[in-house]
Amino acid sequence: MKTAANIILNQHCLGVVLTGGLSSRMGSDKALLNRQSDYRQSDNRQNEHAPQENMLSYSKQQLKNAGVDEIIVSGKNHGIADQYEQLGPMGGIYTVLNKYQPQAMLILPVDLPLIDSQSLLQLKRAGELSQKATFFHNSMLPLYLPVNAFVKQFFEQSFLPFKPLLSSDKSAGFHQTKDKPAVKGPSIKALLMQTPHKTLIPKNSQCLFNANTPEQWQQAKQKFNNTIVQNRKDHV
């Protein structure tokens, strides 16, 4: 006999990687940043067929390891183009929600180089049990988002003003240009203020390290190197 808890824990969860940002501060596409540490690059020179892991493939793997049922990449360069461009992460989330009609989403931005599957699983389990939007303290992404009546109502009301703009645009989707006035979309903070939610303290204190600049990326790579050195020492 299935209990209510078992039914909730078996709820279909869609993993979403957000890659729609402009990467202007980084100066290059953050999704394609090579995660190979100096030590692994040295090892791979001896094997020209060794896979090259970038931030997009790493993010997808962490979501897979956290137990999502399917993974979607949001962002026109690597996956699904936003229906409403230049509205930030909410534009991507809205597009995925409309296209796939998921029961729940585990949403991960592509610029968290130290995120790990256990941290994502921590969010997913807590969110499934509480049936509330769940995120870490002081960081609204990554986010476990059950698509309940509160979420559906927020997106419907918040994106209603954009629909006339979309229908009057002859292109595939609404996009802002110099000839169009800037339109500000809804924020994740606004969504969470109108949705039952809970916050957690991450077990891995470094998992939310954000890499938006070349300097921050170098800091992340140093952390990769340190981890590999420590792992090699542990196996000696």
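In the block above lies the structure referred to throughout.
Remember, predicted model here, so these are calculated numbers, not experimental data.

### Side note on the packing of aromatic side chains
Under the counting rule described, the total for this entry stands at eight aromatic pairs. On the basis of an interplanar angle of 45° and a centroid distance of 5.6 Å, the ring pair of Tyr84 and Phe162 is categorised as tilted. Of this pair, Tyr84 sits in the loop between β2 (70-74) and α4 (89-100) while Phe162 sits in the loop between α6 (149-159) and α7 (163-167); the two residues are 78 residues apart in sequence, bridging distant segments of the chain. For Phe162, a relative accessible area of 4% gives the class buried.

### As for the pairing of strand β4 (residues 133-136)
Burial of β4 is two-sided: the residues Ala133 and Phe135 facing one way and the residues Thr134 and Phe136 facing the other way are all buried. As judged from the three bridges shared by β4 and strand β5 (residues 139-146), these two strands associate in the antiparallel manner. When the bridges of β5 are listed, Phe135 appears paired with Leu143. What sits between the antiparallel neighbours β4 and β5 is a turn of two residues, in which Asn138 has the positive phi angle 70°.

### Here we look at the nonpolar core
One finds Leu63, Leu106, Ile115, Leu120 and Trp217 to be the most contacted residues of the largest nonpolar core, which totals 32 residues. Those elements that provide at least two residues to this core are β1 (13-18), α3 (55-65), β3 (104-109), α5 (117-130) and α9 (214-234). Formed by 28 residues, the second largest nonpolar core is a distinct cluster that contains Tyr84, Leu145, Phe159 and Leu191.

### Points about the pattern of salt bridges
As enumerated under the stated definition, the model contains four salt bridges in all. With a closest N to O distance of 3.7 Å, Arg35 and Glu53 form a salt bridge. In this pair, Arg35 sits in the loop between β1 and α2 (38-44) while Glu53 sits in the loop between α2 and α3, placing the two residues 18 residues apart along the sequence. Since its relative accessible area comes to 26%, Glu53 is described here as partly exposed. The shortest N-O distance in the salt bridge between Glu85 and Lys76 comes to 3.9 Å. For Glu85, a relative accessible area of 22% translates into the label partly exposed.

### Focus: the side chain of Asp111
Inspection of the secondary structure puts Asp111 in the loop between β3 and α5. The exposure class of Asp111 is buried, given its relative accessible area of 12%. In terms of polar contacts, Asp111 uses its side chain to reach the side chain of Lys30, at 3.1 Å. Within the local environment of Asp111, its side chain forms a polar contact with the side chain of Asn210, the two groups lying 3.4 Å apart. Excluding residues within four positions of it along the chain, Asp111 makes contact with Lys30, Phe209, Asn210, Ala211 and Asn212.

### A word on the sheet that holds β2
Reading across from one edge, β2-β1-β3-β5-β4-β6 is the order of the six strands in this open sheet, with mixed pairing throughout. Of all strands in the sheet, those bounded by a partner on one side alone are β2 and β6 (197-200). Looking at each pair of strands side by side, their axes are set apart by 25° on average, direction ignored. With respect to the sheet, α3 is in contact with β1, β2 and β3, its orientation differing from that of β1 by roughly 160°.

### Brief notes about the environment of Thr195
Note on placement: Thr195 falls in the loop between α8 (188-193) and β6. Residue contacts for Thr195: discarding those within four places in its chain leaves Ala133, Asn148, Phe150 and Val151. Within polar-contact distance, the side chain of Thr195 engages the backbone oxygen of Leu191 at 2.8 Å.

Conventions and cut-offs
Residues numbered from 1 in each chain as written. Predicted model: local features only at pLDDT ≥ 70, side-chain atom pairs only at ≥ 80, totals over all residues. Heavy atoms only, no water. Phe/Tyr/Trp six-rings, centres within 6.5 Å; stacked < 30°, edge-to-face > 60°. Helix = DSSP H or I, 4+ residues; strand = E, 2+ residues; numbered from the N terminus. Buried < 20%, exposed > 50% of the residue type's maximum accessible area, 1.4 Å probe, protein only. Pairing = 2+ DSSP bridges. Core = buried A, V, L, I, M, F, W, Y, C linked by side-chain atoms within 4.5 Å. Salt bridge = Lys/Arg side-chain N within 4 Å of Asp/Glu carboxyl O. Polar contact = N/O pair within 3.5 Å; in protein donor to acceptor, adjacent residues only side chain to side chain. Contact = heavy atoms within 4.5 Å. Axes fitted to C-alpha atoms, helices over the stretch in contact; angles between N-to-C directions.

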